[in-house]
Amino acid sequence: MSVAEKRSWFTFEINVPVVLGFGVALYFMYSGHTATMENARKTSELLTKYETLLDSAIAKDADVLGTYKDNLKRVEDSLSPEEKRLLALLLDVKKE
């Protein structure tokens, strides 16, 4: 076997269709991710807006506010001690 006939352990060949397909796949993945992140941001902003409007409406109506507080109290009373501890930790994190 001559040197020219020896097979190399490492060969580097550029397969244009594969490289092009890989590039197109990366582009579509990136553009899809970007669109998803933009939609998530818009949805978050919309939810924040409606949450603020709901909080304002509840605070302005005494009957609804009373019902809301009663419901929160009932939910709190139904929680186990572990769930109450986790809720307290969550509320502490949200304040910061």
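Small disclaimer: the values here were computed from a predicted structure and weren't measured.

Chemist: Help me understand the overall build of the protein chain, please; the structure alone is not making it clear to me.
Modeler: When its secondary structure is counted, the protein chain shows three helices and zero strands. Secondary structure of the protein chain in N-to-C order comes out as α-α-α. A burial count over the protein chain gives 1% of its 96 residues as buried. Carbon and sulfur atoms make up 65% of the accessible area of the protein chain, which amounts to about 9300 Å² in all.

Chemist: Help me understand the packing of aromatic side chains in this model?
Modeler: Taken as a whole, this structure holds one aromatic pair when the rule is applied. Over the ring of Tyr50 we find Lys49, and its NZ or CZ is 5.5 Å from the ring centre.

Chemist: Explanation requested: a nonpolar patch on the surface in the structure shown.
Modeler: Taken together, the side chains of Trp9, Phe10, Phe12, Ile14, Val16, Val19, Leu20, Val24, Tyr27 and Phe28 present a nonpolar region at the surface, about 1300 Å² in accessible area. Note that Val16 resides in helix α1 (residues 16-60).

Chemist: Would you mind showing me how to read the packing of α1 against helix α2 (residues 62-78) here?
Modeler: The angle between the axes and the distance between the axes are what describe a pair of packed helices. Two numbers describe how α1 lies on α2: the axes approach to 5 Å, and their chain directions differ by 105°. By the angle between their axes, α1 is roughly perpendicular relative to α2. Residue-level contacts link Ile58, Ala59 and Lys60 of α1 to Ala62, Val64, Leu65 and Tyr68 of α2.

Chemist: Even after reading the chapter, I still don't get α2, so can you show me in this structure?
Modeler: Side chains three or four residues apart in an α-helix point the same way, a direct result of the helix having 3.6 residues per turn. Taking 1.5 Å of rise per residue, the 17 residues of α2 would be expected to cover 24 Å, and the 24 Å separating its terminal C-alpha atoms lies within 8% of that figure. Taking the backbone nitrogen of Asp63 as reference, a side-chain oxygen 3.2 Å away marks Asp61 as the first, capping residue of α2.

Chemist: How should I be thinking about the pattern of salt bridges in this particular structure?
Modeler: Any two side chains of opposite charge can pair if their charged atoms end up close together. In the structure shown here, the tally under the stated rule is four salt bridges. Where Arg41 meets Glu38, a salt bridge forms, and the shortest distance between an N and an O atom there is 2.3 Å. Of this pair, Arg41 and Glu38 both sit in helix α1, separated by three residues, roughly a single helical turn. The class for Arg41 is partly exposed, based on a relative accessible area of 38%. The shortest N-O distance in the salt bridge between Asp77 and Lys73 comes to 3.6 Å. On the criterion of helical spacing, the pair formed by Asp77 and Lys73 is a turn pair, its members being four residues apart in helix α2. Lys73 gets classed as partly exposed once you look at its relative accessible area, which sits at 46%. Look at the salt bridges and you will find they share partners, linking Glu38, Arg41 and Glu45 into a network.

Chemist: Got a minute to help me understand the confidence of the model for the protein chain in this structure?
Modeler: Caution is warranted with low-pLDDT regions, since their predicted coordinates should not be read in detail. Residues at a pLDDT of 70 or more form 89% of the protein chain, whose mean pLDDT is 87. Looking over the protein chain, one finds the lowest element-wise mean pLDDT in helix α3 (residues 81-95), namely 85, and the highest in α1, namely 94.

The rules we used
Residues numbered from 1 in each chain as written. Predicted model: local features only at pLDDT ≥ 70, side-chain atom pairs only at ≥ 80, totals over all residues. Heavy atoms only, no water. Helix = DSSP H or I, 4+ residues; strand = E, 2+ residues; numbered from the N terminus. Buried < 20%, exposed > 50% of the residue type's maximum accessible area, 1.4 Å probe, protein only. Areas by Shrake-Rupley, 256 points an atom, 1.4 Å probe, with all protein chains shown as cover. Phe/Tyr/Trp six-rings, centres within 6.5 Å; stacked < 30°, edge-to-face > 60°. Lys NZ or Arg CZ within 6 Å of the ring centre and 35° of its normal. Patch = residues over 30% accessible without salt bridge, like charges linked within 9 Å, V, L, I, M, F, W, Y side chains within 5 Å. Salt bridge = Lys/Arg side-chain N within 4 Å of Asp/Glu carboxyl O. Axes fitted to C-alpha atoms, helices over the stretch in contact; angles between N-to-C directions. Parallel < 35°, antiparallel > 145°, perpendicular 65-115°, else oblique. Contact = heavy atoms within 4.5 Å. Expected span 1.5 Å × (residues − 1). Polar contact = N/O pair within 3.5 Å; in protein donor to acceptor, adjacent residues only side chain to side chain. pLDDT = per-residue confidence, 0-100.

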